[in-house]
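A look at the structure
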Amino acid sequence: MKVLIDQDKCVGAGQCVLAAPDVFDQRDEDGIVVLLQEYPPAELHEDVRQAARICPALAIELDEA
Amino acid sequence: MTDTIPTFPMTRAKGCPFDPSPELTELGEKGPVNRVRIWDGSTPWLITGYEEQRAALADPRISADVRKEGYPHVSESGKARRQHLQAFITMDNPEHDVHRRMLTRDFMVKRIEKLRPRVQEIVDGLIDQMLAGPRPADLVRDFALPVPSLVICELLGVPYADHDFFQRCSSRLLNRTVSAEEALAISDELRNYLIKLVAAKDAEPADDLLSRLVVEQLRTGALTDVEVADMAVLLLIAGHETTANMIALGTTALLQHPEQLAELRETEDPKLVANAVEELLRYLHIVHSGRRRVATEDIEIGGQLIRAGEGLIAAGEIGNREQGAFEGDPGELDIHRQSRHHVAFGYGIHQCLGQPLARMELQVVYSTLYRRIPTLRLAVPLEEIEFKHDMIVYGVHSLPVEW
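This is a predicted model, so every value here is computed, not measured. (Residues numbered from 1 in each chain as written. Chains lettered and ligands numbered in written order. Predicted model: local features only at pLDDT ≥ 70, side-chain atom pairs only at ≥ 80, totals over all residues. Heavy atoms only, no water.)

A word on the overall build of chain A. Across its full length, chain A holds two helices and four strands. Written out in order from the N terminus, the α and β elements of chain A read β-α-β-β-α-β. Reported as C-alpha extents along the three principal axes, the dimensions of chain A are approximately 30 × 20 × 15 Å. Within chain A, contacts between residues separated by at least 24 positions form 56% of all contacts whose residues are at least 6 apart in sequence. Summed over its atoms, the accessible surface of chain A is roughly 3200 Å², and 47% of this surface lies on carbon and sulfur atoms. Distance between charge centroids for chain A: 7 Å, based on 5 positive and 14 negative side chains. (Helix = DSSP H or I, 4+ residues; strand = E, 2+ residues; numbered from the N terminus. Contact = heavy atoms within 4.5 Å. Areas by Shrake-Rupley, 256 points an atom, 1.4 Å probe, with all protein chains shown as cover. Lys, Arg positive; Asp, Glu negative; His and termini not counted. Charge placed at Lys NZ, Arg CZ, Asp CG, Glu CD.)

Right, here's the structure in full:
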């Protein structure tokens, strides 16, 4: 699984950080998403899928090919 | 020809204060998108389907701009206030993101986590006072309202001593039956109060959100004093009304589900508490007047063509109870259900900015109140509780409790 984030779309709701705190964080200066792991391990995949699903700004894309 | 378009909002059934109106549920069963008639005679589209709401609210061809023709206002006073609502909740992009990002730092998860010990202190202090005071107590007045009110005041830098004033203002503004004149007068009063406070912060900045807006946005010319004041009004109202209603209504609901309340009281697991918060947000969906938008282009939602200029209302209380969208029976409260994907905070770019704060406050409250007062119970029968049918945000007007 490869995770792609779009910082321009992010609205800083914090949903991804609550869903998958080992993969997503928020920038100190403005709360915008930062990616901690581009290729998260398998045990985090379900949390990352949830993060992508609940992101209100559609700022997280997953490449699971 | 008889008019078959149903009127929105619809009343809840007697004796079922936690459930959406049965007419509304029935309408949702007909299909995910239906016409309704609202107070001014206009007929916007009501979106009840869970996925359809998410699709609509995340679509950039849908506008939140209350000044646009066709926007389905919640009431006459809501329409009258449209010139007053210049904050980011009524802006579209790119303007919206610029304004929202002035505030996202203050509400990010890790900053909100740092406030948890202080919120715990506030919650414990109010419970101490309630336990030492007369019985029955009014849980709304003595606890549910002061908790978020104190927290947002400290965060913003608004003197809590003025709480009678702004709590009265916000409860009038959230009443659907308030006249346009009164709503405008109150909006002016609140704006002027905040403008004075903005000037005071400009003279002597403190360590609070309002001061930071003054230093970073007002002094640089990015925002005017009226814009800073309006932003603060929005945060002040949103910051205490919604959470207060979730505390009091959530407690009322939990008292009707004693086994789940007991589990919440006994648990040492913060994950179960957090899960219960999400489930109560889903189940109660207090924003029961719908999230309102207007289409700026022709779009199709749930197989229905919606024309540019037509209004849309997303009924989250139906979406949040959709069979198939949530595991098990979404009509029931189950604090073990996985319900994180609810739409209680909305969806799309306007999803609640303060949600990390609301979540944290509710987690502290639900994990403390029932533990500190294990025998907490209603002091009157449930039938005598006055629910907020006439308010934009649902809840209880007061909640007499005993222990």
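Text resumes after the structure shown.
Taken together, the contact between chain A and chain B spans 26 residues of the former and 23 residues of the latter. The tally of links from chain A across to chain B stands at 16 residue pairs in polar contact (both at pLDDT 80 or more). Examining the composition of the side of chain A that touches chain B, we find that four residues originate from one element, helix α1 (residues 15-19) of chain A, more than from any other. For the side of chain A that touches chain B, the residue count by class is eleven nonpolar, seven polar and eight charged. (Polar contact = N/O pair within 3.5 Å; in protein donor to acceptor, adjacent residues only side chain to side chain. Nonpolar A, V, L, I, M, F, W, Y, C, P; charged D, E, K, R; others polar.)

What follows deals with the nonpolar core. Judged by nonpolar contacts, the single largest core of 103 residues is most densely connected at Phe 143, Val 158, Leu 194, Leu 284, Tyr 366 and Leu 369 of chain B. Take this core: its biggest share by element is 16 residues, from helix α12 (residues 225-255) of chain B. Beyond its immediate sequence surroundings of up to four residues, Phe 143 of chain B is in contact with Val 123, Leu 126, Ile 127, Met 130, Asp 138, Ile 247, Val 365 and Leu 369 of chain B. Counting residues in hydrophobic clusters, the runner-up holds 23 residues, among them Val 3, Cys 10, Cys 16 and Ala 52 of chain A. (Core = buried A, V, L, I, M, F, W, Y, C linked by side-chain atoms within 4.5 Å. Buried < 20%, exposed > 50% of the residue type's maximum accessible area, 1.4 Å probe, protein only.)

All names here are of chain B. Read across the open sheet, the five strands follow the order β1-β2-β8-β5-β3; overall the sheet is mixed. Each of the sheet's edge strands pairs with one partner strand only, and the pair in question is β1 (33-35) and β3 (62-63). Here strand β5 (residues 291-295) runs beside strand β8 (residues 311-314); their pairing, made up of four bridges, is antiparallel. Note that in β8 the partner of Arg 292 across the bridge is Ile 313. The strands touched by helix α2 (residues 50-57) within the sheet are β2 (45-47), β3, β5 and β8, with β2 carrying the most contacts at an inclination of about 115 degrees. (Pairing = 2+ DSSP bridges. Axes fitted to C-alpha atoms, helices over the stretch in contact; angles between N-to-C directions.)

Further remarks concern the side chain of Asn 320 of chain B. Residue and element names in this part refer to chain B. Its place among the elements puts Asn 320 in the loop between α15 (316-319) and α16 (355-372). Looking at Asn 320, its side chain comes within polar contact range of the main-chain nitrogen of Val 343, at 2.9 Å. When near neighbours in sequence (up to four residues on either side) are disregarded, Asn 320 contacts Leu 281, Arg 282, His 285, Phe 326, Pro 330, His 342, Val 343 and Ala 344.

So, on to the packing of helix α11 (residues 209-218) of chain B against α12 of chain B. All names here are of chain B. Following both chains from N to C, one finds α11 and α12 inclined at 150 degrees, their axes separated by 11 Å at the closest point. Here α11 lies roughly antiparallel to α12, going by the angle between them. Taken as a pair, α11 and α12 cross one another with a handedness that is right-handed. Residues Leu 209, Leu 210, Leu 213 and Leu 218 of α11 touch α12, and the partners they reach there are Asp 225, Val 228, Met 231, Ala 232 and Leu 235. For the contact of α11 with α12, the residue count by class is eight nonpolar, no polar and one charged. (Parallel < 35°, antiparallel > 145°, perpendicular 65-115°, else oblique. Left-handed = near helix turned anticlockwise from the far one by under 90°.)

Let us look at the sheet that holds strand β10 (residues 400-402) of chain B. Across a sheet, strands are paired by hydrogen bonds formed along the backbone, either parallel or antiparallel in direction. All names here are of chain B. Spatially, the three strands line up as an open sheet ordered β4-β10-β9, and their pairing is antiparallel. Sheet topology places β4 (137-138) and β9 (377-378) at the edges, where each strand pairs with a single neighbour. Here β9 pairs with β10 via two bridges, running antiparallel. Within β10, the residue paired with Leu 378 across the bridge is Val 401.

On to unusual backbone geometry. All names here are of chain B. Of note, the amide linkage connecting Phe 8 to Pro 9 takes the cis form, showing an omega dihedral of 0 degrees. With respect to the helices and strands, the residue Pro 9 is situated in the segment before α1 (22-30). Residue Pro 94 follows Asn 93 across a cis peptide bond; omega there is 10 degrees. With respect to the helices, strands and loops of the structure, Pro 94 is situated in the loop between α3 (76-80) and α4 (95-100).

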